[in-house]
Structure formats: structure tokens, C-alpha cells
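# Observations on the model geometry
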Amino acid sequence: MGDVYDLNDLPVELEDAGLPALFEFVPRPEPVPADFQGWQNWAGQRNVRDLAVAPDVGSLWLATGGGILRWYPRTKRFSRFGSEHGLPGNAVSAVAVDGRGQVWAAPDAGGLYHFSGERWLRCSLEHGRDRVPLTLTVDRDGLLWAGTQD
């Protein structure tokens, strides 16, 4: 635990960060809630585990071992979301955008979370309350499906 880091302070050089080469990296840190001021994150965002596109606004959501990155193509900027934004941990296996534009995440620590526009909120699962979603997808009707180990 230390200071909340700006994406300029990644523990690797940006040239070697392994970020997708199709865009210029311009950091845009999200505000950190008061409860988590002073925290520092050393988890890497180098490897993308999953991605989803929000077609209505054109943003790209990336699930990484160091949180969720949101890429804004119009402004060529990133936002990073992690445990300080409501996720139970920084590592995220899957991300999806449903037919209504709602963004969903499956963190490695378990649970299913949706983005409120400011924070990640846990969704109570009707079936399989203790199951950990490993993958997320959206069908042609825009409905979210979660795959678990079982």
C-alpha cells in the first residue's frame, strides 16, 4: 500500500509495456475513492486477457491482470479501474458489454460485477452463488452469459 499510481508510473518502460501498437498511450487516471487514497498498485496491465467493445460510445474494454482498462479511441486515452474502484482485486479474467451497453467483469477473486459509470458493483447471482465466472459472452439478443469451471 502506498500512493495511487498514475499510468505514467507503470513499473515498466512504456515502450516495453506490450500495449497494443494501434494507438498512442496517453494516460487518464480515474479518480480514486477517498477510502483508497494512498494505495499503490503494482499489478501489470501488459497482458490482455479479454476485450469487449461498447459500440454505442465506441470504447474498448480490456481485462488484464492489473485491472480493467478502458480505451477511448476518439481522445486516444485510457482509464484504469481496479480494486480501488469496487472490484474485489485487480486481476480480471473476462469483460463483456451486453445489448443495453452495460459493462460486466469477471474478476479472478470471484463474483460478477457491473460498471455503474463510476464504480464496479457486485451482482448477486441467482444460480451458482459461489461459482466463479471464468468467461463472459453476449448472445445475439444482447443477453449476458457467464461460463464457470462447472
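So, here's what we can say about the structure. It should be emphasised that the depicted structure is a prediction, and the values quoted were computed from it without experimental measurement.

## Thoughts on the sheet that holds strand β3 (residues 67-72)
- Taking strand neighbours across the sheet as the criterion, the four strands line up as β1-β2-β3-β4 in an open arrangement whose pairing is antiparallel. With partners counted over all chains shown, the strands left at the sheet margins are β1 (48-54) and β4 (77-81), one partner each. Here the strands of the sheet are splayed against their neighbours by 20° on average, with no regard to which way each runs.
- Pairing between β1 and strand β2 (residues 59-64): six bridges, direction antiparallel. What sits directly across from valine 48, in β2, is threonine 64.

## A look at the packing of aromatic side chains
- The full count for this structure, using the stated rule, is seven aromatic pairs.
- The interplanar angle of 50° and the centroid separation of 5.1 Å between the aromatic rings of tryptophan 71 and phenylalanine 78 together place this pair among those described as tilted. In this structure, tryptophan 71 and phenylalanine 78 share a single accessibility class: buried.
- Taking 4.9 Å as the distance between ring centres and 45° as the angle between the ring planes, the aromatic pair formed by phenylalanine 115 and tryptophan 120 counts as tilted.
- Cluster of aromatic residues (ring-pair linked, three or more members): Trp61, Phe81, Phe115 and Trp120.

## Regarding the sheet that holds strand β7 (residues 112-115)
- A sheet is described by the order of its strands in space; here four strands give the open sequence β5-β6-β7-β8, paired in antiparallel fashion. Both edges of this open sheet fall to β5 (92-97) and β8 (120-123), since each of them pairs with a single strand only. The sheet shows a mean angle of 30° between the axes of neighbouring strands, taken without regard to direction.
- Where β7 and β8 come together, four bridges link them in antiparallel fashion.

## As for the environment of alanine 54
- Here alanine 54 is to be found in strand β1.
- Take alanine 54: its relative accessible area is 3%, and that puts it in the buried class.
- A sequence separation of 46 residues divides alanine 54 from arginine 100, and the C-alpha atoms of the two residues are 9.5 Å apart.
- Apart from residues lying up to four places away in sequence, alanine 54 is in contact with Ser59, Trp61 and Val97.

## What about the nonpolar core?
- Judged by nonpolar contacts, the single largest core of 15 residues is most densely connected at Trp61, Ile68, Leu87, Val103 and Trp120.
- Within the residue set of this core, elements represented by two or more residues are β1, β2, β5, β6 (103-107) and β7.
- Counting residues per element, this core draws most heavily on β5, which supplies three residues.
- In this structure leucine 87 touches Ile68, Phe81, Gly82, Val92, Ala105, Pro107, Tyr113 and Trp120, once residues within four positions along its chain are discounted.
- If you look at the next biggest cluster of nonpolar residues, it comprises six residues, including Ala94, Ala96, Trp104 and Leu112.

What counts, and where the lines are drawn
- Residues numbered from 1 in each chain as written.
- Predicted model: local features only at pLDDT ≥ 70, side-chain atom pairs only at ≥ 80, totals over all residues.
- Heavy atoms only, no water.
- Pairing = 2+ DSSP bridges.
- Helix = DSSP H or I, 4+ residues; strand = E, 2+ residues; numbered from the N terminus.
- Axes fitted to C-alpha atoms, helices over the stretch in contact; angles between N-to-C directions.
- Phe/Tyr/Trp six-rings, centres within 6.5 Å; stacked < 30°, edge-to-face > 60°.
- Buried < 20%, exposed > 50% of the residue type's maximum accessible area, 1.4 Å probe, protein only.
- Contact = heavy atoms within 4.5 Å.
- Core = buried A, V, L, I, M, F, W, Y, C linked by side-chain atoms within 4.5 Å.

Any functional reading would require information beyond the geometric quantities listed.
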